[in-house]
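Geometric and topological summary
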Amino acid sequence: MPITARGSGSSMSGGALGSGLIIDLSLMKEITLDHSTGRVWCGPGALRGDIDRAAQAAALRFPVDPASGEFCTIGGMVATNASGAHTLKYGSTREWVTALDCVFADGSRATIRRGPQRSSDTDIPPLERFEHSLRARLLEDGAAARHAGVRKESSGYAVAEFAQTGDVVDLIISSEGTLALVVGVELELAPVVGATSSLRATFADLDQVASAATAVRELGASVCELLDASFLKIADAGGALPKFMRGAMAVLLIEVEADDEAGAALQMKGMKAALTECGALSVEQASLPAEERELWDLRHAASPIIAKDPVLKSVQLIEDAAVPPEQMSAYIRGVRAALARQRLDGVIFGHAGDAHVHVNPLIDVRDPDWRARLESLLNEVTNLVATLGGTLSGEHGDGRLRAPLLPRAWKQPGALDLFRAVKDVFDPANILNPGVKLALTGQQPLEAVKYDPKLEPLPVPALVALETVARDKAYATHRLSLLRPL
Ligand SMILES: Cc1cc2nc3c(=O)[nH]c(=O)nc-3n(C[C@H](O)[C@H](O)[C@H](O)COP(=O)(O)OP(=O)(O)OC[C@H]3O[C@@H](n4cnc5c(N)ncnc54)[C@H](O)[C@@H]3O)c2cc1C
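These remarks concern the structure in this document. Everything quoted here is computed from the prediction, not taken from an experiment.

**A word on empty space enclosed by the protein**
- Per the counting criterion, the structure on display carries three cavities of 30 Å³ or more.
- There is about 70 Å³ of room inside the largest cavity.
- Lining the largest cavity are 13 residues, with Leu317, Ile318, Leu378, Val381 and Leu392 sitting closest to its centre.
- Broken down by element, the lining of the largest cavity gets its largest block of residues, four residues, from helix 14 (residues 370–387).
- Here the second largest cavity defines a volume of roughly 50 Å³.
- For the lining of the second largest cavity, the domains that each give at least three residues are domain 1 (3–191) and domain 4 (458–486).

Spelled out as structure tokens, the structure:
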């Protein structure tokens, strides 16, 4: 029977949905901080926000900060290699995982750590198979299975990362529950930061935005986020856009971190000069916490407006591509053109410093041809990403949505064969989340879009429970407890 692990169910590409047995791990929430090592051991259901708060109490922090941090689980973050705004400086979940407690497809269980494998683990059948039949091949050939220049990767199996470290942990991270169920996670933590300062810069030209993002990254920015004209238009409609920004092509939001305020101020000087040199029309600075919050509020201005639209649905299907930084403006232009060809509006924003761009097309599912247009859009953007040497997923994972598209974006010779070999070694009977990462025969990307009016309605108790989650923003609530109080 297929087995699908599930945390909070917040992932974007249908990875936590499946037929068969869904194992909800979200109640395994324990968090144990080891003060002597500065590491934390978490159950798979521990929420990112709770882990960070536990760390902060010891003057430490978990610096991977997805926007969903208050409701996504560490199990889901490991499985998708989630990341956040601070990934620019601190990397994604992968960089902070030191050990994983795994249950494999045959029911065997092992804690695998970074570094040389302990001999006690070699009697675990999937690990034994891996050591004997695949380790050497991946070390030899894995390095080539990567999108050169791309800074964030959650697509395919991480064979290139494995080739670098030799750590099996790296294969399990971003495997989306297709190689093992993760039932425990050990994380390294970072020290809390002394001081931050922020900038908001407006641009009239996309190429200037791309150069500015590269410049501030090289100067050590901890965050560099993009709000494209499509985003600003919606923010303006909701009254959240300062007048002087009207008509801008894009805004960059930038943060620096330092040990103290003087250090932050010094970095700000260099950043401001670089932004002006790249052609910024305006640069605003904020150093006091309240001022910084106000500056960053613009980042959250579009979602509530889109959510209130009675007709248009924001559909995440081309939402996660990352391209080599020198291709970012070409990517955004290409996406805009593809949206226009399909007569669709869309909102473009994201992690400019990592050239990782979120795109949410806005769809009216009452239009008779909405599905054909969506499919054409996905098709065009997949080609665009492949042409620019990008990945289809920088942080959300392949899920059921992108699995059928992998052969088009993983053109590196032998990459798909290596992915298949990894799956076969760990899960030869294909019971762990089948159809995620590697597509099943005939699988199509857009099989079940939840807004499709033609889908069979959900059973009433499930519908009521899901409406409650959406209305109360109760995304961290254990779903079964809404159906039948435990
Ligand atoms: C509003 C919003 C904002 C978001 N912002 C971000 C963002 O900034 N950055 C980002 O990276 N993502 C973001 N996401 C996506 C999502 O929150 C992340 O992918 C998150 O890591 C998923 O965690 P989850 O607990 O909800 O996992 P789920 O959705 O339940 O599962 C995700 C995948 O992981 C597998 N899985 C879950 N738990 C385990 C386990 N214990 N062992 C093995 N496999 C497991 C599932 O089978 C599935 O394939 C956002 C989502 C929303 C709705």
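**Let's talk about the side chain of threonine 468**
- Mapping threonine 468 onto the fold places it in helix 18 (residues 460–472).
- On the basis of relative accessibility, which here comes to 19%, the residue threonine 468 falls in the buried class.
- A polar side-chain atom of threonine 468 sits 2.7 Å from the main-chain carbonyl oxygen of valine 464.

**A short note on the site of the ligand**
- Surrounding the ligand, one finds 33 residues, the nearest of these being Ala5, Gly7, Ser10, Ser68 and Thr73.
- Alanine 67 has a polar backbone atom sitting 2.8 Å from an oxygen atom of the ligand.
- Within the side chain of glutamate 395, an N or O atom sits 3.1 Å from a nitrogen atom of the ligand.
- Coverage of the ligand by the protein chains reaches 90% of its 980 Å² of free accessible surface.
- Of all the secondary-structure elements, those providing two or more residues to the shell around the ligand are strand 1 (3–6), helix 2 (74–80) and strand 8 (181–188).
- Along the lines of polarity and charge, the residues of the shell around the ligand split into 14 nonpolar, 16 polar and three charged.

Rules behind the numbers
- Residue indices begin from 1 for each chain and proceed along its sequence in written order.
- Note on the predicted model: pLDDT of at least 70 is required for a residue's local features to be given, and 80 or more for side-chain atom pairs to be given and counted; whole-chain, interface and lining totals, by contrast, use all residues.
- Hydrogens and water molecules were not included; the side-chain quantities draw on all heavy atoms of the structure.
- Using a grid of 1 Å spacing that covers the protein atoms alone, one calls a set of points a cavity when a 1.4 Å probe fits there but cannot get out, and a pocket when the set is open and has protein on both sides within 12 Å along at least five of seven lines; lining residues are those with an atom within 4 Å of a point.
- Grid points are joined across faces, edges and corners, and a volume is the space filled by probe spheres set on the points.
- For helices the rule is a DSSP run of H or I covering at least 4 residues; for strands it is a run of E covering at least 2, with both sets numbered from the N terminus onward.
- How far each domain reaches was decided by an automatic or database domain assignment.
- In this scheme, a residue with accessible area under 20% of its type's maximum is buried, one over 50% is exposed, and one in between is partly exposed, where area comes from a 1.4 Å probe on protein chains only.
- For the purposes of these results, a polar contact is taken to be a pair of N or O atoms within 3.5 Å, where, inside protein, one atom must be able to donate a hydrogen and its partner to accept one; residues adjacent in sequence count only when each atom of the pair is a side-chain atom.
- Proximity is defined per residue: if any heavy atom of the residue lies within 4 Å of a molecule or strand, that residue is considered near it.
- Note on areas: these come from Shrake-Rupley sampling with a 1.4 Å probe, and a residue is covered only by the protein chains present in the view.
- Throughout, the ten residues Ala, Val, Leu, Ile, Met, Phe, Trp, Tyr, Cys and Pro are labelled nonpolar, Asp, Glu, Lys and Arg are labelled charged, and all others, Gly among them, are labelled polar.

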